Amino acid sequence: MKVVIMAGGKGTRISSVVCDIPKPMIKIAGKPVLEREIECLRSQGFTDIIITVGHLGNVITDYFKDGSAFGVNIEYFVEDIPLGNAGALFKLKDKLREDFLLLNADAVFDIDFNRFVKYHKSKGGLVTLFTHPNSHPYDSGLIIADGQGCVQKWLAKEDERPEFYRNRVNAGLHVISPEVLNAEITSAKVDLDRQLLKPLAGSGKMFVYDSPEYVKDMGTPDRYESVCRDFEKGIVHSKNLQNLQKAIFLDRDGTLNKYVGFLRNIEDFELCEGAAEAVKKINGSGYLAVTVTNQPVIARGEVTFGGLRQIHNKMETLLGFKGAFLDAIYFCPHHPHGGYEGEIPELKTECGCRKPKPGMLLKAAEDLNIDLSQSWIVGDGENDVMCGINAGCKTAVIGKDERADLCGKDLLDCINKILG
């Protein structure tokens, strides 16, 4: 599969860090970020690369040449006149006859590309977007997809958005069919997002690939310093899903949000004091932050699946305003006891996912390659502790339980103790 890397940007936002080389050549832990991208691709068998260059492009071409010194084959497309961030693709149409990877050269990433491509092929769409949560969804474009991962809406920064939304952001990595380049574009410059991808929302031909792997734009001095620290800590490579992950599983009611009994109304959802700070600390630690919650209100007919989705959107929105995010959310909709008005019979069952059973943790471990023996669960009750024990995790409880590995006064206290 060919890889197209867009490396023509000027990097004006990061000019205070370096101004005499193109942004993809800025060094991260001693190597240009573009070199680190190429190393990640080469290690997974992606060696046929086209790099589009513009501003100070000779710095890139002189460094990488034909790519043979780096174990890959590199061709270049030089934009003498700026064509927008997708105009070069139309000039390269004859070389792009099969699905191809399209990447930004100024992002720091380390992901399992073969897993990404396999998912794309399984969906059979024209485009698959690599999406993830980030620490600033309030000023990022948002991707809204259905339960099968099919993109329904593409909300750019300037678009009106709902009050509460899922923290799902396009990371700038794509698998694209050459059919997309059959679009009739008459402008001199072509905008990838607004002119090629956004129009596919709602068509049934574009999908999301949600992943917690490391992808960060280093476009500002603060973000550049952040990715440098993450490299030094080993976080960037460790988040690649080829590697076993470690997670901190978080109960919801009474742990992340204030306990109000069975939470049925979105207006009653309120984060616990210190919860966002705790999640933000997990985000910076190398652990995944994964919520696992029993929601018998679904089986009892008191909250719909859509209503629960909105509650979780509120949770993600409120966390996002504090710079925190969840890598995944798992919930159990079942309830074993009958007799409730409006209950859903098919969900009134003994299942393997309702805590204290470990099903949600086992599913997360399968999806995200998590080593449960190196992971924790934090909750506010006996079911959380026993769920962790049953899954082979270490356990922390808000309050007291002699079976738990540690106890704390609240989520933040527990996380501080876990992370030392």
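Quick look at the structure, then. Computed from a prediction, not measured in an experiment: that's the story for all the values here.

1. Considerations on the overall build of the protein
Scanning the protein from terminus to terminus reveals 12 helices and 19 strands. Dimensions along the principal axes, computed over C-alpha positions, put the protein at roughly 70 × 45 × 35 Å. Out of the 420 residues in the protein, the part that is buried amounts to 53%. Of all intrachain contacts in the protein linking residues separated by at least 6 positions in sequence, the fraction that spans at least 24 positions is 71%. As displayed, the protein has an accessible area near 18600 Å², and 48% of this comes from carbon and sulfur atoms. Where the 51 positive side-chain charges of the protein centre and where its 58 negative ones centre are 1 Å apart.

2. A few points about the side chain of Gln245
With respect to the helices, strands and loops of the structure, Gln245 is situated in the loop between helix 7 (235–238) and strand 14 (247–250). On the accessibility criterion, Gln245 (3% relative accessible area) is buried.

3. Remarks on the packing of aromatic side chains
Working definition: an aromatic ring pair is given by the centre-to-centre distance plus the angle between the planes. One pass over the structure, following the stated rule, counts 11 aromatic pairs. Centroid distance Tyr63 to Phe64: 4.8 Å. Interplanar angle 75 degrees. Geometry classified as edge-to-face. Tyr63 gets classed as partly exposed once you look at its relative accessible area, which sits at 37%. One aromatic cluster is present, formed by Phe116, Tyr119, Phe130 and Tyr209 through successive ring pairs. Looking at Arg161, its charged tip hangs above the ring of Tyr165, at a distance of 5.2 Å from the centre. Lying over the aromatic face of Tyr287, Lys246 brings its terminal NZ or CZ to 4.4 Å of the ring centre.

4. Here we look at helix 2 (residues 57–64)
All of the buried residues along helix 2 are Gly57, Ile60 and Phe64. With its buried residues spanning 65 degrees around the axis, helix 2 presents them on a single face. Those residues of helix 2 that are buried lie in contact with strand 1 (3–7), helix 1 (33–42), strand 4 (48–53) and strand 5 (73–78).

Definitions and limits used
Residues numbered from 1 in each chain as written. Predicted model: local features only at pLDDT ≥ 70, side-chain atom pairs only at ≥ 80, totals over all residues. Heavy atoms only, no water. Helix = DSSP H or I, 4+ residues; strand = E, 2+ residues; numbered from the N terminus. Buried < 20%, exposed > 50% of the residue type's maximum accessible area, 1.4 Å probe, protein only. Contact = heavy atoms within 4.5 Å. Areas by Shrake-Rupley, 256 points an atom, 1.4 Å probe, with all protein chains shown as cover. Lys, Arg positive; Asp, Glu negative; His and termini not counted. Charge placed at Lys NZ, Arg CZ, Asp CG, Glu CD. Phe/Tyr/Trp six-rings, centres within 6.5 Å; stacked < 30°, edge-to-face > 60°. Lys NZ or Arg CZ within 6 Å of the ring centre and 35° of its normal. Arc of directions from axis to C-beta.

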